[in-house]
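Here are the chains, one letter per residue:
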Amino acid sequence: MSKIHPRVLIGRRTMLGGAFGAAALIAAGRLEASAEPAGARTVAARQRFFGADIVDPDTGAVRADRVALSWVGCTTYALALGGSVLLLDAWVPRLTSSGYVPATPQDLADLRPEAIFIGHGHFDHAGDAGRIAQASGAVVHGTAEHCATIRAQVSAPSFPTVALGDANTLIGERHEFTVGTVAVTAIRHLHSAPTAPDRTDPSSPFFPLPDLCAIVQYPPTLDGVLQNLPRLRDQENGVLLYQFRVPGFSLVWHDSAGPLTENAPHVFDVLAGLPPTDVQIGAIQGYNQLTNGLRDPRRYIESLRPTLFVPSHHDNWLPGLTASAATYDAPLHEELSRLPPGKRPELRALHDPVDYLSPQRLTFRL
């Protein structure tokens, strides 16, 4: 294949952060600096995340004629694109369960990513970014506040950052830049938020039943809890959607889907104005599902018109508040069925935990 400002919401992260505020100064622990690109650890990590046929066994270089993605839980993905290794968000779930996702922050550092792209600053998206960047030397891209918070996660930060606006940047603003051979567009949009039921475009409310199996089968560890507690109060600090392009392929990734219909409808035109999208990886879990179901993710799809849609932020990383990805299958199919057949993307659902670190599910030939 081949002018509004963000709203501040009191959500689950704020409540969790308040409950554990006394632990905010606990050290997270330093990761080992990853070896040079040809080092055995880096070659092994890249082969594991992208597949042995994508990675040169001697140099660790990734093939420029392939695109490969590995899902690392929530909305974190390792991406090989245009000969570069990139991270989309930077957090490995392990707060209430440990080992459910078969990866560690050290594994992500061993990939030696060239850049880390942050969608927004909550702990479940950026909680490991500082340690991974410090160990790998990756350039962190996000809002100015994302960058400052991530640098504060480690002592004496030695990695560079690129600020794409700040928390007061107008919704809909675009940033254009390149990373290696990859052209990138970043667009400011909105975090998910509850709104009143939409009578003009109604979707069935949806609340997945909590699934506690992961806690029983993969109980939390002390290290995982202590590493995550200091991050629970980290603020959103703006939300960014990214489009990545190389000749013959484009990918859109966003780690939240906000109520643009009510609060920023002009962003739909901004999204529609992007170059054609081959693959969209988009968050489908959000606060608005309680009143408007999966309307917001569907509206993003309508504007972006991807050939293939991959749902994300829909897995059981926080049992009790989240559920297994499979519970979203029926409501997502129902929501996408509302699109005209000619405008309906192919759906490729990833299910936890079997599709974690499964690059064969998302590998594309250029």
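Bear in mind that the values here come from a model prediction, so they are computed numbers and not experimental data.

Caption draft 1: Representation of the pattern of salt bridges within the structure. Applying the stated criterion across every chain yields a total of 21 salt bridges. Between Asp198 and Arg295 there is a salt bridge; the shortest N-O distance is 2.8 Å. Of the two residues, Asp198 is situated in the loop between strand 8 (182-189) and helix 7 (213-217) and Arg295 in helix 12 (residues 295-304); the sequence distance between them amounts to 97 residues. Classification of Asp198 as buried rests on a relative accessible area of 9%. The exposure class of Arg295 is buried, given its relative accessible area of 0%. Between Arg231 and Asp234 there is a salt bridge, with its nearest N and O atoms 2.6 Å apart. For Asp234, a relative accessible area of 10% translates into the label buried.

Caption draft 2: Spotlight on the pairing of strand 12 (residues 308-312). Counted residue by residue, strand 12 has five buried out of five residues, so it is predominantly covered. With five bridges joining them, strand 11 (residues 279-283) and strand 12 adopt parallel strand pairing. In the strand pairing of strand 12, Gln280 is matched with Phe309. Alignment of strand 12 against strand 13 (residues 346-347), held across two bridges, turns out to be parallel. Looking across to strand 13, one finds that Leu308 is bridged to Glu346. Read as a crossover between parallel neighbours, the route from strand 12 over helix 13 (residues 329-336) to strand 13 is right-handed.

Caption draft 3: Highlighting the sheet that holds strand 4 (residues 115-117). The seven strands are arranged 6-5-4-3-2-1-14 in an open sheet whose pairing can be described as mixed. Either end of the sheet is taken by a strand with one partner, and the two such strands are strand 6 (161-163) and strand 14 (363-365). Strand-to-strand, the axes of this sheet are offset by a mean angle of 20 degrees, without reference to chain direction. Along the sheet, helix 2 (residues 40-50) makes contact with strand 1 (66-71), strand 2 (77-81) and strand 3 (84-88), crossing strand 2 at roughly 100 degrees.

Caption draft 4: Here's a closer look at unusual backbone geometry. Residues Asp352 and Pro353 are joined by a peptide bond in cis, for which omega reads -5 degrees. The topology assignment puts Pro353 in the loop between strand 13 and strand 14. We note that Arg112 has phi near 50 degrees; this positive angle belongs to a residue other than glycine. Residue position: Arg112 is located in the loop between helix 3 (105-110) and strand 4. On the accessibility criterion, Arg112 (24% relative accessible area) is partly exposed. With a phi close to 50 degrees, His313 is a non-glycine residue in the positive phi region. Here His313 lies in the loop between strand 12 and helix 13.

Caption draft 5: Main features of the packing of aromatic side chains. Under the criterion given, the structure shown has 13 aromatic pairs. Where Tyr100 meets Tyr218, the ring centres are 5.4 Å apart and the plane angle is 75 degrees; that geometry is what we call edge-to-face. In this pair, Tyr100 is assigned in the loop between strand 3 and helix 3 and Tyr218 in the loop between helix 7 and helix 8 (222-228), connecting sequence segments 118 residues apart. For Tyr100, a relative accessible area of 9% corresponds to the buried category. Overall, the relative accessible area of 27% leaves Tyr218 in the partly exposed class. Relative to Tyr242, the ring of Phe117 lies with its centre 5.3 Å away and its plane at 70 degrees, an arrangement referred to as edge-to-face. Separated by 125 residues along the polypeptide, Phe117 in strand 4 and Tyr242 in strand 9 (residues 239-246) bring together distant segments of the chain. Taken individually, Phe117 and Tyr242 each receive the classification buried, so the pair is uniform in this respect. By way of ring pairs, the aromatic residues Phe117, Phe177, Tyr242, Phe244 and Trp253 are connected into one cluster. Over the ring of Phe159 we find Arg151; its NZ or CZ atom is 5.5 Å from the centre of that ring. Positioned above the aromatic ring of Phe268, the side-chain terminus of Arg299 is 4.1 Å from the ring centre.

The rules behind the values
Numbering of residues begins from 1 in every chain and follows the order in which that chain's sequence is written. Restriction of local features to residues with pLDDT of at least 70 applies here, the model being predicted, together with a cutoff of 80 or more for giving and counting side-chain atom pairs; totals for whole chains, interfaces and linings are based on all residues. Just so you know, side-chain values use all the structure's heavy atoms and leave hydrogens and water out. By convention in these notes, a salt bridge is any Lys or Arg side-chain nitrogen within 4 Å of a carboxyl oxygen on Asp or Glu. A run of H or I in DSSP counts as a helix once it spans at least four residues, and a run of E counts as a strand once it spans at least two, with each numbered from the N terminus. We call a residue buried when its accessible area falls under 20% of the maximum for its residue type, exposed when it is over 50%, and partly exposed in between, using a 1.4 Å probe and counting protein chains only. Following DSSP output, two strands are said to pair if at least two bridges run between them. Looking down the strands as they point away from the viewer, one classifies a crossover as right-handed if the path from the first strand across the helix to the second runs clockwise. Here the axes come from fitting lines to C-alpha atoms, over the contacting stretch only for helices, and the angles between their N-to-C directions go from 0 to 180 degrees. By definition, residues are in contact when any of their heavy atoms lie within 4.5 Å. Ring geometry is summarised as follows: Phe, Tyr and Trp rings, the Trp one being its six-membered ring, pair when their centres sit within 6.5 Å, and such pairs are stacked at plane angles under 30 degrees, edge-to-face over 60 and tilted between the two. A ring is considered to have a charge above it if a Lys NZ or an Arg CZ atom is located within 6 Å of its centre and within 35 degrees of its normal.

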